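Structure at a glance
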Amino acid sequence: MALRLVDKWIWDSWFAFDGTHHHVFYLQASRALGDPNRRHRNVTVGHAISTDLINWTQLVDALTPSESPAFDSWTTWTGSVVHDQAAGLWRMFYTGTSREDAGERQTVGMATSVDLLTWQKQPGNPIAAADPRWYQTLAAGFTNEPFRDPWVFKLPGQQEWTMLTTAAAIDATNQQQRGVMGVSKSKDLVTWQVQPPAGSAGQGFGETEVFQFEIVDGVPVLLFCCGPIWLSAERLNAGELGGVYSLPVAPDLSDVDFGRATLFPDIKLYASRLVQGQDGGWNLIAFINEVDGKFVGELSDPIPVTAHPVRGLVPKNR
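If you're wondering where the values come from, they're calculated on a predicted model, not measured in any experiment. (Residues numbered from 1 in each chain as written. Predicted model: local features only at pLDDT ≥ 70, side-chain atom pairs only at ≥ 80, totals over all residues. Heavy atoms only, no water.)

1. Side note on the overall build of the chain
In terms of regular secondary structure, the chain is built from one helix and 21 strands. Taken against the 2.2 N^0.38 rule, which gives 20 Å for 318 residues, the C-alpha radius of gyration of the chain at 18 Å falls within 12% of a compact globule. When its C-alpha atoms are laid out on the principal axes, the chain stretches across 50 × 45 × 45 Å. The long-range fraction of contacts in the chain, counting pairs at least 24 apart against all pairs at least 6 apart in sequence, stands at 53%. Split by element, the accessible area of the chain, about 13200 Å² in all, is 51% carbon and sulfur. Taken as two groups, the 24 positive and 34 negative side-chain charges of the chain have centres that lie 1 Å from each other. (Helix = DSSP H or I, 4+ residues; strand = E, 2+ residues; numbered from the N terminus. Rg over C-alpha atoms; globule rule 2.2 N^0.38 Å. Contact = heavy atoms within 4.5 Å. Areas by Shrake-Rupley, 256 points an atom, 1.4 Å probe, with all protein chains shown as cover. Lys, Arg positive; Asp, Glu negative; His and termini not counted. Charge placed at Lys NZ, Arg CZ, Asp CG, Glu CD.)

2. With respect to the sheet that holds strand β4 (residues 57–58)
A sheet is described by the order of its strands in space; here four strands give the open sequence β1-β2-β3-β4, paired in antiparallel fashion. Of all strands in the sheet, those with a lone pairing partner are β1 (8–17) and β4, marking the two edges. Bridging between strand β2 (residues 22–30) and strand β3 (residues 44–50) involves seven bridges; their strand directions are antiparallel. Each bridged residue has a counterpart across the sheet, and for histidine 23 the counterpart in β3 is isoleucine 49. (Pairing = 2+ DSSP bridges.)

3. Here we look at the nonpolar core
Counting residues in hydrophobic clusters, the biggest one holds 40 residues, and the most contacted among them are Leu3, Val24, Phe25, Trp56, Val81, Met92 and Trp119. For this core, the secondary structure elements donating two or more residues are β1, β2, β3, β5 (75–84), β6 (89–97), β17 (269–276), β18 (282–291) and β19 (294–299). Met181, Val256, Phe258 and Ala261 belong to the second largest nonpolar core, which has 21 residues in total. (Core = buried A, V, L, I, M, F, W, Y, C linked by side-chain atoms within 4.5 Å. Buried < 20%, exposed > 50% of the residue type's maximum accessible area, 1.4 Å probe, protein only.)

4. Observations regarding the pairing of β17
Counting buried positions along β17 gives seven out of eight residues, so the element sits mostly inside the fold. Across six bridges, the pairing between β17 and β18 is antiparallel. The residue of β18 that forms the bridge with glutamine 276 is tryptophan 282. Hairpin connection from β17 to β18: five residues lie between these consecutive antiparallel strands, with glycine 280 at a positive phi of about 90°.

5. Points about the sheet that holds strand β9 (residues 147–153)
The strand order across the open sheet built from four strands is β9-β10-β11-β12, with neighbouring strands paired in antiparallel fashion. Only two strands of the sheet have a single partner each, and these edge strands are β9 and β12 (193–198). Across the sheet, the mean angle separating the axes of adjacent strands is 25° when strand polarity is ignored. Relative to strand β10 (residues 161–168), β9 runs antiparallel, the two being bridged by five bridges. (Axes fitted to C-alpha atoms, helices over the stretch in contact; angles between N-to-C directions.)

6. Looking at the layout of surface pockets
Quantified by volume, the largest pocket comes out at close to 970 Å³. Residue lining of the largest pocket: 34 residues in total, with Arg39, His40, Glu209, Ile229 and Tyr270 positioned closest to the centre. The set of elements that each furnish at least two residues to the lining of the largest pocket consists of β1, β5, β9, β13 (209–216) and β18. Of the residues forming the lining of the largest pocket, the biggest block, three residues, is contributed by β18. Residue composition of the lining of the largest pocket, by class: 14 nonpolar, ten polar and ten charged. Its boundaries defined by the atoms lining it, the second largest pocket holds a volume of some 610 Å³. Every residue lining the second largest pocket is counted, 23 residues in all, and those nearest its centre are Phe15, Val81, Trp151, Gln212 and Glu214. (1 Å grid on protein atoms, 1.4 Å probe; cavity = no way out; pocket = protein on both sides within 12 Å on 5 of 7 lines; lining within 4 Å. Points joined across faces, edges and corners; volume = space filled by probe spheres on them. Nonpolar A, V, L, I, M, F, W, Y, C, P; charged D, E, K, R; others polar.)

7. Things to note about the side chain of glutamate 209
Position of glutamate 209 relative to the elements: it lies in strand β13. Engagement of the side chain of glutamate 209 in a polar contact is seen with the side chain of arginine 148, the distance being 2.6 Å. Beyond its immediate chain neighbours, meaning those up to four positions away, glutamate 209 contacts Arg148, Asp149, Thr166, Phe224, Cys225 and Tyr270. (Polar contact = N/O pair within 3.5 Å; in protein donor to acceptor, adjacent residues only side chain to side chain.)

8. Quick word on the pairing of β18
With seven of ten residues buried, β18 is to be regarded as a mostly interior element. In this sheet, strand β20 (residues 303–308) lies alongside β18 in antiparallel orientation, the contact comprising two bridges. Residue pairing across strands places asparagine 283 opposite proline 304, the latter belonging to β20. Here four bridges tie β18 to β19, and the two strands are oriented antiparallel to one another. Across the sheet, the residue bridging to isoleucine 288 is glutamate 298, located in β19. Hairpin remark: β18 followed by β19, antiparallel, with two residues in the connecting loop; positive phi at aspartate 292, about 55°.

Here it is in structure tokens:
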């Protein structure tokens, strides 16, 4: 497999390209924990580089949880990296949970780097959190507050930045169908305004995780994942077991309907990313979730993909 660590499990990942090397940042936890379900609360962010997306060299870890009190005093979870050319910095947006909130409130923080190697968390963290006007929050009486997995990018033709996050609709009547896509906007990558969600409750998913938007071979595509515990009864009854989902969307995300999402054929993959190789082709890279009922916890080799205007992301015929 593309990236496997002898002593650690790997799961969610995100990528950056510096002109020479692909950098992958990933959630990791010690295999000495024994039970892979314990990894979520015993996590750090690892880092490796590659020129071909197959052979990786492990580097020093990127992030670890902060000392209490802090928004990320318990975990540093999934994020994304963008290059802020105006400031001459790389910015990593990532999810934090705190011991002060019993780990049930998820918010977004930021760290910066000049070289993608050494990261400094910003003093203003967190920079974005669920707005109770539209999203489920602890303060409103909900048992947890999902607002995680920030994906930061620019929509076609727009100058401002967009952040997509996992979130839950405040008006949801069914926990298995509460999933929406959180949306935030920024002009400078520092100050963010949380906006109403894209998609709505009742579209088939209790949680829509690890978003990514890309234009793949001319088709705007939204990518996310969902596990079986968060699938609607209708999707479970149709035989779905969860995995990587995609749906074609308008370039401005004005038509997001998760009811149209289709499942990627390889269901052992989870928390996938679309990564463009140096040849310009698109690849899907994800972690290997379960095989024969056993958690694997390593990254896959790149899978060449393209996009269909109805079916979304599909494997590319070689």
